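# Structural description and commentary
Take a look at the letters that make up each chain.
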Amino acid sequence: MTTPKLFTPVRAGAIDLKNRIAMAPLTRNRARPEDDAPIDIHVEYYRQRAGAGLIITEASQISPEGKGYAWTPGIYSPAQVEGWKKVTDAVHEDGGRIVLQMWHVGRISHTSLQPGGQPPVAPSAIAAEAKTFNGQEFLATSAPRALELSEIPRVVEDYRKAAKNAVDAGFDGVEIHGANGYLIDQFLRDGANKRTDEYGGSIENRTRFMREVVEAVVGVWGADRVGIRLSPFSHANGLTDSDPMPLFERAVDILNGFGLAYLHMVEGQTGGSRELDEGLSIDALRAHFDGVYMANNGYTREMAIEAVETGKADIVAFGRPFISNPDLVERLERNAPLAEPDRATFYGGGVQGYTDYPTLDAAAVA
Ligand code: 8OZ
């Protein structure tokens, strides 16, 4: 039997992938509490997963204001850059490729996680129907304040600085987190964006923030090392839009104009159903996109092989299977059984449920 295309190399912009399996970004809440820096266990965790064609790091805040949960890593301070540099060195030593996912949570935060205990920022002063975690308990997200028009360039500048830090940290590129109800998604959708200036109202206006962020990050990296993740029809973090199809068609059009390394799509409800409501179509958006397309959400081995074979996807990103199968690519290639992840250790803690999942070979001799 010939090797399925899923296991063959591909180029995403200027990034060479040894196979078409990506490790999806996975929030694990294990950064150093004092300074939100990655530590030695992150080095080991990502090194173990260097078999992926591309690792996308866990979402990492671009600024203190961009933080929404306890113990998520940042990419705005020298200590964080130093921590990430050890991670990228380890992944590169083991022949992997790794991009940093750049994150600003917007209104998905709590005053206790914000600088000076201030309210989080958002396009409009509308609280999300969502929960966050402050290190002790799950609690309702705080009511945000609306960003002043004059502040928006500063937020875009925070993305640009973070992108430069990612260069210094030795990444192969960056992925802009435009999904799951966080800041960029909040600007895109009319359920959270009620602005009356040039960042709200029409589709042209609601896509403006995304465009400016992409422009800033591309200015640092070049388009061929920048990807973006969108979740057009997901209601993650309580976000809605009255008419997502034309909105995301336009968003894809704008992205086409940049010639990015890839577009990464959460095809359905984040971490949940792939069913879409009447009138919504991922296939239509995919057909609209003219670059490297990375599919995500609930893919099995068979679905991934089929998607790449038929050209529906160029790359498939796996999330939870990568938590419990550091050697996921090898297991998929050999059609070996997959280990199930333990939800109790997804968020927070130390090595348990993080770096102690064995490879197939290690499990066989144990
Ligand atoms: C799970 C828990 C906290 C954050 C996302 C960054 O949904 C996340 C996230 C996932 O994109």
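Structure: see above.
In this report, we go over the structure that sits alongside the text. (Residues numbered from 1 in each chain as written. Predicted model: local features only at pLDDT ≥ 70, side-chain atom pairs only at ≥ 80, totals over all residues. Heavy atoms only, no water.)

## Remarks on the site of the ligand
Taken together, Thr27, Ala59, Tyr69, Trp103, His177, Asn180, Tyr182 and Tyr347 form the complete shell of residues around the ligand. Taking His177, its side chain carries an N or O atom lying 2.7 Å from an oxygen atom of the ligand. Here Asn180 contributes a side-chain N or O atom positioned 2.8 Å from an oxygen atom of the ligand. When the free accessible area of the ligand is taken as 300 Å², the share hidden by the protein chains comes to 78%. (Near = heavy atom within 4 Å. Polar contact = N/O pair within 3.5 Å; in protein donor to acceptor, adjacent residues only side chain to side chain. Areas by Shrake-Rupley, 256 points an atom, 1.4 Å probe, with all protein chains shown as cover.)

## Thoughts on the sheet that holds strand β12 (residues 262-266)
Strand order around the closed barrel formed by 8 strands is β3-β4-β5-β10-β11-β12-β13-β14, with parallel pairing between neighbours. Across the sheet, the mean angle from the axis of one strand to that of its neighbour is 25°, orientation sign disregarded. With 3 bridges joining them, strand β13 (residues 293-296) and strand β14 (residues 315-318) adopt parallel strand pairing. Pairing of Asn296 across the sheet is with Ala317, part of β14. Most of the contacts of helix α2 (residues 78-93) go to strand β5 (residues 98-103), to which it runs at about 150°, and overall it touches β4 (54-61) and β5. (Pairing = 2+ DSSP bridges. Helix = DSSP H or I, 4+ residues; strand = E, 2+ residues; numbered from the N terminus. Axes fitted to C-alpha atoms, helices over the stretch in contact; angles between N-to-C directions. Contact = heavy atoms within 4.5 Å.)

## Considering unusual backbone geometry
Phi angles above zero are rare outside glycine, and Asn29 is one such case at about 50°. Looking at the element boundaries, Asn29 is found in the loop between β3 (21-23) and α1 (40-48). Phi is positive for Asn297, close to 115°, though the residue is something other than glycine. Relative to the helices and strands, Asn297 is located in the loop between β13 and α9 (301-309).

## A word on the pattern of salt bridges
Applying the stated criterion across every chain yields a total of 23 salt bridges. For Arg211, the salt bridge identified is with Glu204, shortest N-O distance 3.6 Å. By relative accessible area, Glu204 is classed as partly exposed at 32%. With a closest N to O distance of 3.5 Å, Arg286 and Asp314 form a salt bridge. With a gap of 28 residues between them, Arg286 in helix α8 (residues 282-288) and Asp314 in the loop between α9 and β14 connect regions that are remote in the sequence. You'll find Arg286 and Asp314 in the same group, each marked buried. Shared partners join several salt bridges into a network, and the residues in it are Glu65, Arg145, Glu151, Arg154 and Asp158. (Salt bridge = Lys/Arg side-chain N within 4 Å of Asp/Glu carboxyl O. Buried < 20%, exposed > 50% of the residue type's maximum accessible area, 1.4 Å probe, protein only.)

## Some thoughts on the packing of α1 against α2
Between α1 and α2, the least distance of the axes is 8 Å, while the angle of their chain directions is 25°. Here α1 lies roughly parallel to α2, going by the angle between them. Here the hand of the crossing between α1 and α2 comes out right-handed. From α1, His42, Val43, Tyr46 and Arg47 reach across to α2, where they touch Trp84, Lys86, Val87, Ala90, Val91 and Glu93. A class-by-class count of the residues in the contact of α1 with α2 yields 6 nonpolar, 1 polar and 3 charged. (Parallel < 35°, antiparallel > 145°, perpendicular 65-115°, else oblique. Left-handed = near helix turned anticlockwise from the far one by under 90°. Nonpolar A, V, L, I, M, F, W, Y, C, P; charged D, E, K, R; others polar.)

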